[in-house]
There are 2 protein chains.
Amino acid sequence: MSDTVHISAIQFSCSTDPAVNLARAIELTRSAAKEGAKIVCLPELFLTRYFCQTEDPGNYALAEAVPGPTSKIFEALSAELGVSIVLSLFEKRTEGLYHNTACVVDPIKGYMGKYRKMHIPDDPLFMEKYYFAPGDLGVQIFETQGVKLAVLICWDQWFPEAARIAALKGAQVICYPTAIGWQLYEKESHGAAQYGAWETIQRSHAVANNCFVVAVNRTGFEPTSEAHSHPNGIQFWGQTFIAGPDGAIIKQASETEEGVVSAHIRLKAIPEQRHGWPFLRDRRTDVYGDLTKTYLDD
Amino acid sequence: MSDTVHISAIQFSCSTDPAVNLARAIELTRSAAKEGAKIVCLPELFLTRYFCQTEDPGNYALAEAVPGPTSKIFEALSAELGVSIVLSLFEKRTEGLYHNTACVVDPIKGYMGKYRKMHIPDDPLFMEKYYFAPGDLGVQIFETQGVKLAVLICWDQWFPEAARIAALKGAQVICYPTAIGWQLYEKESHGAAQYGAWETIQRSHAVANNCFVVAVNRTGFEPTSEAHSHPNGIQFWGQTFIAGPDGAIIKQASETEEGVVSAHIRLKAIPEQRHGWPFLRDRRTDVYGDLTKTYLDD
């Protein structure tokens, strides 16, 4: 069996029509498969515009069961194309209980299970604590296409703890479906610094854990739907990338480009890296109990 | 009281004569103080060549008590110049028990205490497990010059856990005295990737924790002292840098430059950054117990 896996991330801008977004995701997954992809990662909540810009109870209607209608569509597509697909969905668990969830479908194993976003943001235009209960499944590993794959979601990417737990569970690839961008009025003042921090933290998970990292973002401008005294919105910054276990970026999309970002990842690069700098050997688990505290002021 | 603190890192190449290195460290600390520095950080084990390239019991003679003769010299210098100094020393605790230790001296408070390197590397030319017992003091915070300063040491920098614990203890600045470089035969093949990983991981601690990070490395080439079939040695890669709480590099030295790397750091940048992206609010301490395990295979 080959040590190399062809992995693809899909970057596109989301329309206001879920049917259009679904068709676009299917079309681009087909393109990736045609090029030889074995694993395809779709961006966060790609079926809809990023509705968390405002708090609107009407948006709960966008949620669905996982597994459910959309996962079934991709399960069939996965079987047809022979690719595994990472799918980010707005999960309805019951009335009044929703999650930001990702599932994996495999051409042979079908629906493999799901991960529920653990770290939930809440800041202007990213009001996710209103919509999503924090995930209660911990970090999940999906064994697909000969790869141990962890899926974490967007805000999770700022927490080295989540990536480390994934690595301790054996992850070789960590995939981050993401919806991140600049607020309309912040791009000029904060744009470069925000993007730089985002790229740095995800590359650092690759460095610290010697895993591959796939960061899949959407692109395009989405205006805030409610009337505001000043019009606002998010310019999603695209720049979907795949990084190797040394943290170097292997492949990256531009800010605006739509399409497939692919890399042939060589899994043996993981032990090669770990044999050079064996970090896992030297962790001080005897003092890491402090990490289970919110703050060490007491 | 000003919100801005002038902090300096000292980069130089170490000679085979400890007296020369001591004089150089004092001279460069004086230069930094003359320019207005309030905190000066010296590189790892600057009194000597990096003796851990080989395992030689004769090197234990280089160790000293902390506090001890060298810390007393810098305590006096600190009082004279009005600067606080981060000092990396080879600590003798008793016969057969040595640590890689850093202490802080303050112009008013004098000797403030020490930190013992917790994560100990051991790979070819960096055979530290032979010399240093793992630190038993946990992460230490030193309140000096109006700054909460954590000192971690070199290999510690690859572990996001250590930086996080420092931040949870209130660190505003994390200083990493370091001795890292390329093996003679690896620079061409691995040099850029190794340096890139090093810079990325430290900038990521600034991003994840919204702290300032000071990475202080030595420069120069040091041959392996023992006879080998092939001559070897370490080209220390310098590039000492200071990063802000968004992970951006504020100031950086070149690979070979010797001297003082300074920045006026604005402590209010920490809450500004944390109010934009409040990561500490959203940590999932309920699942981080997994971090106290060596590996999650059972």
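Preceding block: the structure.
Residues numbered from 1 in each chain as written. Chains lettered and ligands numbered in written order. Predicted model: local features only at pLDDT ≥ 70, side-chain atom pairs only at ≥ 80, totals over all residues. Heavy atoms only, no water.

### Details of the overall build of chain A
Next up, step 1: In terms of helices and strands, chain A carries 6 helices and 15 strands.
Next up, step 2: Counted over contacts in chain A with a minimum sequence separation of 6, partners at least 24 positions apart contribute 70%.
Next up, step 3: Entry remark: accessible area of chain A is about 10,700 Å², with carbon and sulfur atoms responsible for 53%.
Next up, step 4: Here chain A carries 27 positive and 35 negative side-chain charges, and the mean point of each set is 8 Å from the other. (Helix = DSSP H or I, 4+ residues; strand = E, 2+ residues; numbered from the N terminus. Contact = heavy atoms within 4.5 Å. Areas by Shrake-Rupley, 256 points an atom, 1.4 Å probe, with all protein chains shown as cover. Lys, Arg positive; Asp, Glu negative; His and termini not counted. Charge placed at Lys NZ, Arg CZ, Asp CG, Glu CD.)

### Here's the deal with the side chain of R283(B)
Next up, step 1: Within the secondary structure layout, R283(B) lies in the segment after α6 (269-276).
Next up, step 2: By relative accessible area, which is 7% here, R283(B) ends up buried.
Next up, step 3: At 2.7 Å, the side chain of R283(B) and the backbone oxygen of L291(A) are in polar contact.
Next up, step 4: Excluding anything up to four places from it in sequence, R283(B) contacts H119(A), F159(A), E161(A), L291(A), K293(A), T294(A), R164(B), L168(B) and Y288(B). (Buried < 20%, exposed > 50% of the residue type's maximum accessible area, 1.4 Å probe, protein only. Polar contact = N/O pair within 3.5 Å; in protein donor to acceptor, adjacent residues only side chain to side chain.)

### Let's talk about the relation of the copies chain B and chain A
Next up, step 1: Note on the copies: chain B fits chain A at an RMSD of 0.0 Å, the axial shift is 0.0 Å, and the rotation between them is 180°. As the rotation angle and translation indicate, the two copies are arranged about a two-fold axis.
Next up, step 2: Mapped onto chain A, 100% of the interface residues of chain B again fall at the interface, so both copies present the same surface. (Least-squares fit on C-alpha atoms with pLDDT ≥ 70 in both.)

### A few points about the interface of chain B and chain A
Many descriptions give the size of an interface as the accessible area lost when the pieces come together.
Next up, step 1: Across the boundary between the two partners, chain B contributes 51 residues, which contact 51 residues of chain A.
Next up, step 2: Approximately 5,000 Å² of surface area, both sides summed, lies buried where chain B meets chain A, with 65% of it carried by carbon and sulfur atoms.
Next up, step 3: Inspection of the chain B/chain A interface yields 6 salt bridges.
Next up, step 4: We note a salt bridge from K129(B) to D282(A), for which the minimum N-O separation is 2.7 Å.
Next up, step 5: For the pair chain B and chain A, the number of links is 25 residue pairs in polar contact (both at pLDDT 80 or more).
Next up, step 6: Secondary structure elements with two or more residues in the side of chain B that touches chain A: α4 (160-168) and α5 (187-209) of chain B.
Next up, step 7: Broken down by element, the residue count for the side of chain B that touches chain A peaks at 10 residues, all from α5(B). (Buried area = accessible area lost by both parts, 1.4 Å probe. Salt bridge = Lys/Arg side-chain N within 4 Å of Asp/Glu carboxyl O.)

### A few points about the sheet that holds strand β11 (residues 219-223) of chain B
Residues and elements named next belong to chain B.
Next up, step 1: Spatially, β9-β12-β11 is the arrangement adopted by the 3 strands of the open sheet, whose pairing is antiparallel. Strand pairing shows two members of the sheet lacking a second neighbour, β9 (181-183) and β11, which therefore form its edges. On average, adjacent strands in this sheet sit at an angle of 15° to one another, irrespective of strand direction.
Next up, step 2: Bridging between β9 and strand β12 (residues 233-237) involves 3 bridges; their strand directions are antiparallel. When the bridges of β12 are listed, Q183 appears paired with I234. (Pairing = 2+ DSSP bridges. Axes fitted to C-alpha atoms, helices over the stretch in contact; angles between N-to-C directions.)

### Brief notes about helix α1 (residues 18-34) of chain A
Residue and element names in this part refer to chain A.
Next up, step 1: Here α1 spans 24 Å end to end across 17 residues, near enough to the 24 Å set by a 1.5 Å rise per residue.
Next up, step 2: For α1, the full list of buried residues reads N21, L22, A25, I26, L28, T29, A32 and A33.
Next up, step 3: Tucked inside the fold, the buried residues of α1 contact β1 (4-11), β2 (39-41), α2 (69-81), β3 (84-94) and β15 (259-266).
Next up, step 4: Positioned one or two residues after α1, G36 has a phi angle of 110°, which is positive. (Expected span 1.5 Å × (residues − 1).)

### Some details on the environment of G68(B)
Residue and element names in this part refer to chain B.
Next up, step 1: Assignment of secondary structure puts G68 in the loop between β2 (39-41) and α2 (69-81).
Next up, step 2: The exposure class assigned to G68 is buried, which follows from its relative accessible area of 7%.
Next up, step 3: Spatially, the C-alpha atoms of G68 and K92 are 9.8 Å apart, while their sequence positions differ by 24 residues.

### A few points about the packing of helix α4 (residues 160-168) of chain A against α4(B)
Next up, step 1: At a closest axis distance of 10 Å, the pairing of α4(A) and α4(B) adopts a crossing angle of 150°. The angle between α4(A) and α4(B) falls in the class roughly antiparallel. Viewed along their axes, α4(A) and α4(B) form a crossing whose handedness is left-handed. Here P160(A), E161(A) and R164(A) of α4(A) come into contact with α4(B), specifically with P160(B), E161(B) and R164(B).
Next up, step 2: Split into classes, the residues belonging to the contact of α4(A) with α4(B) amount to 2 nonpolar, no polar and 4 charged. (Parallel < 35°, antiparallel > 145°, perpendicular 65-115°, else oblique. Left-handed = near helix turned anticlockwise from the far one by under 90°. Nonpolar A, V, L, I, M, F, W, Y, C, P; charged D, E, K, R; others polar.)

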